[in-house]
Amino acid sequence: MASKVARIFAYVIVGIISLNVILFLLFSIPSVQRRAARFALEKVQPKINSRLSLDGVRVRFFNKVDLNGLYVEDQQQDTLLYTGRLTVRIVPVDLLSRRVMVEQLILEDFVAKVYRLSPDEPFNFQFIIDSFAGDKEETDEGKGADRDGGEGGGITEDKPETDIKGVKKRKNPWRITSGAIHFRNGSLRYHVLSAPVTPGVFSPNHIDAREFDLRANVDFQGMDKMTVEVKRLSFREDHSGLQLENLALLFRSVGSRLKCEWLNLVFNNSDLKVRDAHFDRESKEFAATLKSDRLEPDDAAIFAAKLNHLDQPMSFELEAEGAWPLATVKHLDFKYGPFTRFVLSAEMADCLSYATSDLNLRIHRLAITQEHLEALIRIWAPAYTSPPQLTALGNLDLRLTAVGKIPLFRYDIVIDTERGEVLLNGIGKMTNRFKHLVYGGPVRVNNISVADIIGEKAGVGITTLATDATVSIVQGEGVTVEANGNIKSTTYKGFPYRDLLFDGVYSGTTVAATVTADSELNKLELAAGFSFG
């Protein structure tokens, strides 16, 4: 009995191999390839009602099929797809279990042109989808709708099966698996014709990718259950100058949770790494860790034109999490050039309503040059120029804590400058979409060189003071400072003074102040106003 089973099994194996050999030999004959191509065209071309051509079909061993010279035209008589060779290797027996197993999919020397008139219009390949969308099976309700003037149509949906006992069983969903996808030497064009063209800046509405190369694996059962591994993706985008050297990633979806376990990106002269990024479509929870060892300003400007004035390489590490709209930056370490560095953490309770959201910001360190400070501010205010009194402070090293809401928050700031130390704490206000900023509270200045800030003409030297100050910054109107307090020590025109009371106003390039003293060492009453700069 065992030997009989073995012989049957051997016959089956030999039969399968023989069939593959016969098909291989048969489809190696050019005339057979041409006839197979014509047969396929006669079946498909009338259905899509557009020009379609195929140079030949070749069957290889073990279910591998080559389609050579495949050309598909859109309904505007322009190229939709051309490929020199399309190779597919499938496992037919898996179709019985509602599974499409593509062991190999190779697309070589291809050109694809995809466009739509506007974001709301269909793609130029929509006619193919419509051509193969079968009529929806009629149900009793559907027939009733037809009688009432309704129309049916669309893709047939999976329906529960009923066994002989009348118990309904739901069909398993289709599963599409591809063990090896390889696109090479391709050209991909995608355009939204109504969208404006932005030369030199990457736009998702206008993509001209050449030298397109992709190696990937896919296991798809639905948006809630799939795995995508991209081993390599590279292309050259002519429109923006983007040179994608390599993109590799591992992405999974399970239920409502989308997760990118890792992503490595190298483009032009920059890089980016992402680890453990996830987003839950139901709870809105998210988290991600991002790192770039080098981000060139020219490369960053490809995606954001407002960065095109920057001239120093950047790097950063970012760890963030939250449940949108709550967002927490657990750690951000940003470097710009060899000196400037931000290290901070922050939390905003509602990013969608920042004007009323709770805010907790801690800048653990901000070391920055005046040149870099001006350049970074120009990202948001392109016409900004730092006033000479600020640039005179030299390099800054700042630490800050701000807690409250953006319209009203408490702050503590320590600033080390090349001219001395400044300590501030008080209440800050940001209103009118950040066009009006007000800061008020105690200010202490230790051993600051006033002459280096407002000029030697004023006659004021090294100064230490403690005061209450209000700083108002209005867009288009400059800075105004009102202060009153105690000058602990200073020099004026070469003479030392201590414990002076003062009340003053600074606006633009003018200062008006009243200084008084009534002690055994100093008796002074001075009211003065002067301009500088």
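Bear in mind the structure is a predicted one, so any value in this text is a computation, not a measurement.

**A word on the overall build of the chain**
Part 1: Broken down by element type, the chain carries 8 helices and 27 strands.
Part 2: Counting over 533 residues, the chain shows a buried share of 36%.
Part 3: For the chain, long-range pairs separated by at least 24 residues make up 42% of all intrachain contacts whose partners lie at least 6 apart in sequence.

**Brief notes about the pattern of salt bridges**
Part 1: By the definition in use, this model includes 19 salt bridges.
Part 2: Note that E108 and R184 form a salt bridge whose closest N and O atoms lie 2.6 Å from each other. Within this pair, whereas E108 is found in strand β5 (residues 99–116), its partner R184 is found in strand β8 (residues 175–192), the two being separated by 76 residues in sequence.
Part 3: With a relative accessible area of 25%, R184 lands in the partly exposed category.

**Focus on helix α6 (residues 370–377)**
Part 1: In terms of residue burial, α6 counts as a mostly covered element, since 6 of its 8 residues are buried.
Part 2: Looking at the buried positions of α6, the neighbouring elements they touch are β16 (326–336), β17 (340–348), β18 (358–368), α7 (388–391) and β19 (396–405).

**A closer look at the confidence of the model for the chain**
Part 1: Scored by pLDDT, the chain comes out at a mean of 82, with 79% of its residues at no less than 70.
Part 2: Scored below 50 in pLDDT, residues 135–158 makes 21 contacts in the model with residues more than four places away or belonging to other chains.

**A closer look at the nonpolar core**
Part 1: Formed by 82 residues in total, the largest nonpolar core has its most connected members in L233 and L310.
Part 2: Among the elements that take part in this core, strand β9 (residues 206–222) stands out by supplying 5 residues, more than any other.
Part 3: Among residues more than four places away in sequence, those in contact with L310 are P297, Y336, A375, L376 and I379.

**Re the packing of aromatic side chains**
Part 1: In total, this model carries 11 aromatic pairs according to the counting rule given.
Part 2: Measuring from centroid to centroid gives 5.6 Å for F202 and F303, while their planes differ by 50°, and the two rings are tilted. Highlighted residues: F202 in the loop between β8 and β9 and F303 in the loop between α5 (297–301) and β15 (314–323), separated in sequence by 101 residues.
Part 3: F303 sits in the partly exposed class, given a relative accessible area of 46%.
Part 4: When the centroid spacing of 5.8 Å and the interplanar angle of 80° are considered together, the rings of Y411 and Y439 count as edge-to-face. Here Y411 is found in strand β20 (residues 408–417), whereas its partner Y439 is found in strand β22 (residues 436–449), with 28 residues between them in sequence.
Part 5: Of note, R116 hangs over the ring of F123, and the distance from its end group to the ring centre comes to 4.0 Å.

**Side note on the environment of L242**
Part 1: As for its position among the elements, L242 is in strand β11 (residues 242–254).
Part 2: The exposure class of L242 is buried, given its relative accessible area of 6%.
Part 3: In this structure the C-alpha to C-alpha distance between L242 and I302, which are 60 residues apart in sequence, comes to 7.1 Å.
Part 4: Discounting chain neighbours no more than four positions away, the residues touching L242 are F202, F235, R236, E237, F267, N268, I302 and F303.

**A few points about the pairing of strand β23 (residues 462–474)**
Side-chain positions along a regular strand alternate between the two faces of the sheet.
Part 1: Judged from the 12 bridges that link them, β22 and β23 form a sheet pairing that is antiparallel. Paired with V445 across the two strands is L465, which belongs to β23.
Part 2: Alignment of β23 against strand β24 (residues 478–492), held across 11 bridges, turns out to be antiparallel. For L465, the partnering residue across the bridge sits in β24 and is I487.
Part 3: Taken together, β23 and the strand that follows it, β24, pair antiparallel across an intervening segment of 3 residues, in which G476 is found at a positive phi of about 85°.

**Thoughts on unusual backbone geometry**
Part 1: Cis geometry marks the peptide bond from W324 to P325, where omega comes out at 15°.
Part 2: With respect to the helices and strands, the residue P325 is situated in the loop between β15 and β16.
Part 3: Unusually for a residue other than glycine, N49 sits at a positive phi of about 55°.
Part 4: Position of N49 among the secondary structure elements: in the loop between α2 (30–48) and β1 (52–53).
Part 5: With a phi angle near 50°, D276 is a residue other than glycine that sits in the positive phi range.
Part 6: Residue position: D276 is located in strand β13 (residues 270–280).

So, how was this worked out
Residues numbered from 1 in each chain as written. Predicted model: local features only at pLDDT ≥ 70, side-chain atom pairs only at ≥ 80, totals over all residues. Heavy atoms only, no water. Helix = DSSP H or I, 4+ residues; strand = E, 2+ residues; numbered from the N terminus. Buried < 20%, exposed > 50% of the residue type's maximum accessible area, 1.4 Å probe, protein only. Contact = heavy atoms within 4.5 Å. Salt bridge = Lys/Arg side-chain N within 4 Å of Asp/Glu carboxyl O. pLDDT = per-residue confidence, 0-100. Core = buried A, V, L, I, M, F, W, Y, C linked by side-chain atoms within 4.5 Å. Phe/Tyr/Trp six-rings, centres within 6.5 Å; stacked < 30°, edge-to-face > 60°. Lys NZ or Arg CZ within 6 Å of the ring centre and 35° of its normal. Pairing = 2+ DSSP bridges.

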